[in-house]
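In case you want the letters, here they are:
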Amino acid sequence: MTEVIPHNSFDTILVLDNGSQYTHLITRRLREINVYSEMLPCTQKLADLGWSPKGIILSGGPYSVYEKDAPHIDPAFFELGVPILGICYGLQEIAHRLHADNVVAGTAREYGHADLQATRFGGHVDKLFEGLEDAMTVWMSHGDKLCNLPEGFHTIGTTKNSEYAAIAHQTEPVYGIQFHPEVTHTPQGGQLLKNFAVGICGAQQTWTMSEFIGQEITRIRNLVGPTGQVLGAVSGGVDSTVAAKLMTEAIGDRFHAVLVDNGCMRLNECAVVKDVLQEQLGINLTVVDASEEFLAGLKGVHDPEQKRKFIGGKFIDVFEEEARKIEAKNAGKVEWFLQGTLYPDVIESISFKGPSQTIKTHHNVGGIAERLMAGHGLKLIEPLRELFKDEVRELGRQLNISAELVGRHPFPGPGLAIRVLGEVTKEKVDAARHADHIFISMIREAGLYDDIGQAYAALDPSRAVGVMGDKRVYANIILLRAISTKDFMTATPYPFSYEFLTKVSTRIVNEVQGVCRVAYDFTSKPPGTIEME
Ligand SMILES: Nc1ncnc2c1ncn2[C@@H]1O[C@H](COP(=O)(O)OP(=O)(O)OP(=O)(O)O)[C@@H](O)[C@H]1O
Ligand SMILES: O=c1[nH]c(=O)c2[nH+]cn([C@@H]3O[C@H](COP(=O)(O)O)[C@@H](O)[C@H]3O)c2[nH]1
Ligand SMILES: NC(=O)CC[C@H](N)C(=O)O
Ligand SMILES: [Mg+2]
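The rules behind each value
- Every chain begins its residue count from 1, and numbering advances along the sequence as written.
- Lettering of chains starts at A and numbering of ligands starts at 1, both following the order in which they are written.
- Owing to the predicted nature of the model, reporting of local features is limited to residues with pLDDT of at least 70; listing and counting of side-chain atom pairs is limited to 80 or more, with chain, interface and lining totals taken over all residues.
- Hydrogens are left out, water is left out, and the side-chain values use all remaining heavy atoms of the structure.
- UniProt positions are given in the numbering used here, feature names are shortened, and annotations may be inferred rather than shown by experiment.
- Numbering of helices and strands starts at the N terminus; helices are DSSP runs of H or I of at least 4 residues and strands are runs of E of at least 2.
- The buried label applies to any residue whose accessible area, calculated with a 1.4 Å probe on protein chains only, is under 20% of its type's maximum; exposed applies above 50%, and partly exposed to all values in between.
- Contact definition: two residues touch when any of their heavy atoms are within 4.5 Å.
- Shrake-Rupley sampling with a 1.4 Å probe provides the accessible areas, and residues are treated as covered by the protein chains on show and by no other component.
- Nearness is defined per residue: one heavy atom within 4 Å of the molecule or strand is enough.
- By the criterion applied in these results, polar contacts are pairs of N or O atoms within 3.5 Å in which, for protein atoms, one can donate a hydrogen and the other can accept it, and in which residues neighboring in sequence qualify only through two side-chain atoms.
- Strand pairing follows a simple DSSP-based rule, namely that at least 2 bridges must link the two strands.
- Handedness rule for crossovers: strands pointing away from the viewer, path from the first strand over the helix to the second running clockwise, crossover right-handed.

- Looking at an unreviewed UniProt entry, one finds the protein named GMP synthase [glutamine-hydrolyzing], with Penicillium antarcticum as its source organism.
- Listed in UniProt under the heading Subcellular location (unreviewed entry), the comment for the protein reads: "Cytoplasm, Cytosol".
- As stated in UniProt under Subunit (unreviewed entry), the record for the protein gives "Homodimer."

Next up, the structure:
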């Protein structure tokens with residue numbers, strides 16, 4: 001039986017990655033039009049693929065096709081008979097394989113905006129530009145170019161610098177474009193990709209989260225079998241909650257969720273997560289209060305990396321113990337461990353980084369999985385590994401998870417421990433937690449929450465002098481941080497109004513014990529990071 005995984009049950013466009021920074025965007029753009037797409041490195045052999053793509057896109061890449069060590073696509077893909085679209089390096093690869101002299105280093109590099117003029121020939125050749133205007137704004141990023149029209153092709157588009165900026169084979173569904181349709185700077189790029197995937201490859205636009213739920217539940221049931229038990233760590237964050245709800249839909253109480261209270265959670269967090277996951281979503285959840293163990297172990301530890309190391313290790317200890325308890329209670333072996341891996345993690349681990357560099361292997365959050373897999377022989381189950389974050393959010397909405405939870409700001413596993421600078425004590429965590437609660441509540445009341453990528457209050461244990469009620473005080477400083485970001489890789493400080501920050505500051509100084517100053521962090525990332533430690 002063919003396994004129920006997306007590329008076996010949805011029409012799939014295969015993207016072969018030649019190392020471009022934008023390859024994942026091709027996959028994104030196709031998914032946005034409900035066409036399922038997967039990315040694999042350009043070193044993929046057709047013989048090892050094991051499934052049938054409806055069409056193939058060859059991405060851009062940093063190499064020059066004529067260089068000695070440049071990567072080349074397995075020729076078998078060209079014999080497969082499915083439509084092929086080459087983008088930038090991909091176009092150059094199509095031209096180069098027909099004749100080595102077809103691609104040369106250009107005299108002028110072309111970066112950024114270019115004006116493309118399309119030419120129509122009739123028949124399938126025109127399908128790539130169907131419905132697009134003849135004069136197109138496109139976005140380029142290349143130094144090499146085609147110096148000859150490859151044999152058997154028509155030129156369907158030219159720019160000032162590139163005589164063969166777009167080509168189509170006269171009889172076969174093979175196309176190549178020098179520009180990047182996947183970036184938003186190519187306004188008609190989305191339509192072009194749709195023309196290729198839907199119009200040329202005939203892919204059905206069936207990739208929706210409601211379709212995915214049904215198929216994924218079937219897949220989980222087949223994988224786990226009629227009696228298998230699955231364990232999963234949940235944080236109350238979006239990914240683990242959505243994954244846990246999906247598991248519960250598939251196998252009910254044979255899925256065991258564990259939330260660890262590490263003593264550094266936000267105000268009422270464990271109670272709220274328990275209420276939402278257990279009472280509202282019907283997830284079989286155990287909350288383990290290990291707060292004292294964590295706080296005891298953090299005593300005297302000042303170094304951020306040592307704090308993280310201790311928390312990560314302790315986390316696994318607590319989790320392993322809980323796994324044994326659950327096994328004892330169920331009088332049966334737990335065979336599976338749930339992990340909320342997302343597609344960007346998968347892409348990160350498989351993208352083509354070049355012949356001389358090793359391709360990074362996929363790493364798991366906190367190492368919980370590795371230790372449980374090694375120690376307990378648990379197998380990994382990753383129901384979100386084909387999904388992007390916005391797809392996970394949509395999946396959450398389809399699974400009736402509240403908009404509030406689905407839109408939650410990320411919260412790091414070590415929690416407030418990395419937001420109390422230096423040594424962590426219960427008093428300092430309490431102060432940071434209280435200030436954080438005031439800040440976030442005021443952000444919500446002001447209607448700003450969904451506009452901000454992430455916000456929190458941290459505690460600087462240095463002391464400053466203040467005067468409160470005519471008395472001299474010598475107390476800690478609260479640091480407020482809020483950022484705007486697309487992907488959490490880069491970020492800018494959120495532009496609150498002066499009035500808003502003043503109000504927050506007044507409340508924190510008045511209400512939080514041991515604090516006499518409030519500062520707002522204006523640092524971007526880079527050079528700052530989002531968390532303090
Ligand atoms: N307090 C906790 N108890 C149990 N598991 C936890 C805890 N904190 C973190 N984890 C585990 O670590 C994983 C990594 O957290 P991560 O923040 O990447 O994802 P998330 O919390 O599910 O979602 P989000 O990215 O929206 O916060 C979680 O999915 C969960 O499995
Ligand atoms: O689960 C997590 N465990 C961690 O140890 C951790 N450290 C940082 N983060 C989150 O990652 C994003 C980027 O944070 P930085 O700019 O501080 O690296 C931000 O969203 C951070 O909150 C973590 N999440
Ligand atoms: N973006 C690309 O794919 C660039 C391809 C090739 N490295 C060039 O410079 O032309
Ligand atoms: Mg989280």
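**Brief notes about the overall build of the protein**
Logical step 1: Assigned secondary structure in the protein consists of 16 helices and 18 strands.
Logical step 2: Once the C-alpha set of the protein is aligned to its principal axes, its extents read approximately 85 × 60 × 40 Å.
Logical step 3: Counting across all 533 residues of the protein, residues that qualify as buried make up 54%.
Logical step 4: Restricting to contacts in the protein with at least 6 residues of sequence separation, those with at least 24 account for 75%.
Logical step 5: Total accessible area on the protein is roughly 23,700 Å²; 50% of this is exposed by carbon and sulfur atoms.

**A word on the site of ligand 3**
Logical step 1: Contacts to ligand 3 come from Gly60, Gly61, Pro62, Tyr63, Cys88, Tyr89, Gln92, Ser141, His142, Gly143, Asp144 and His180.
Logical step 2: Within the backbone of Tyr63, one N or O atom sits 2.6 Å away from a nitrogen atom of ligand 3.
Logical step 3: Here an oxygen atom of ligand 3 sits 3.1 Å away from a polar atom, N or O, in the side chain of Gln92.
Logical step 4: For ligand 3, the accessible surface in isolation is 300 Å², of which the surrounding protein chains cover 87%.

**Topic: the pairing of strand 11 (residues 255-261)**
Logical step 1: Most of strand 11 is tucked away, with 7 of its 7 residues classed as buried.
Logical step 2: Covered by surrounding structure in strand 11 are Phe255, Ala257, Leu259 and Asp261 together with His256, Val258 and Val260, the residues of both alternating faces.
Logical step 3: Direction of pairing for strand 10 (residues 230-233) relative to strand 11: parallel, over a ladder of 4 bridges. Each bridged residue has a counterpart across the sheet, and for Gly232 the counterpart in strand 11 is Ala257.
Logical step 4: In this fold, strand 10 hands off to helix 7 (residues 238-251), which returns the chain to strand 11; that crossover is right-handed.
Logical step 5: In the sheet, strand 11 pairs with strand 12 (residues 285-289) via 5 bridges, with the strands oriented parallel. Counted as the bridge partner of Ala257 is Leu285 from strand 12.

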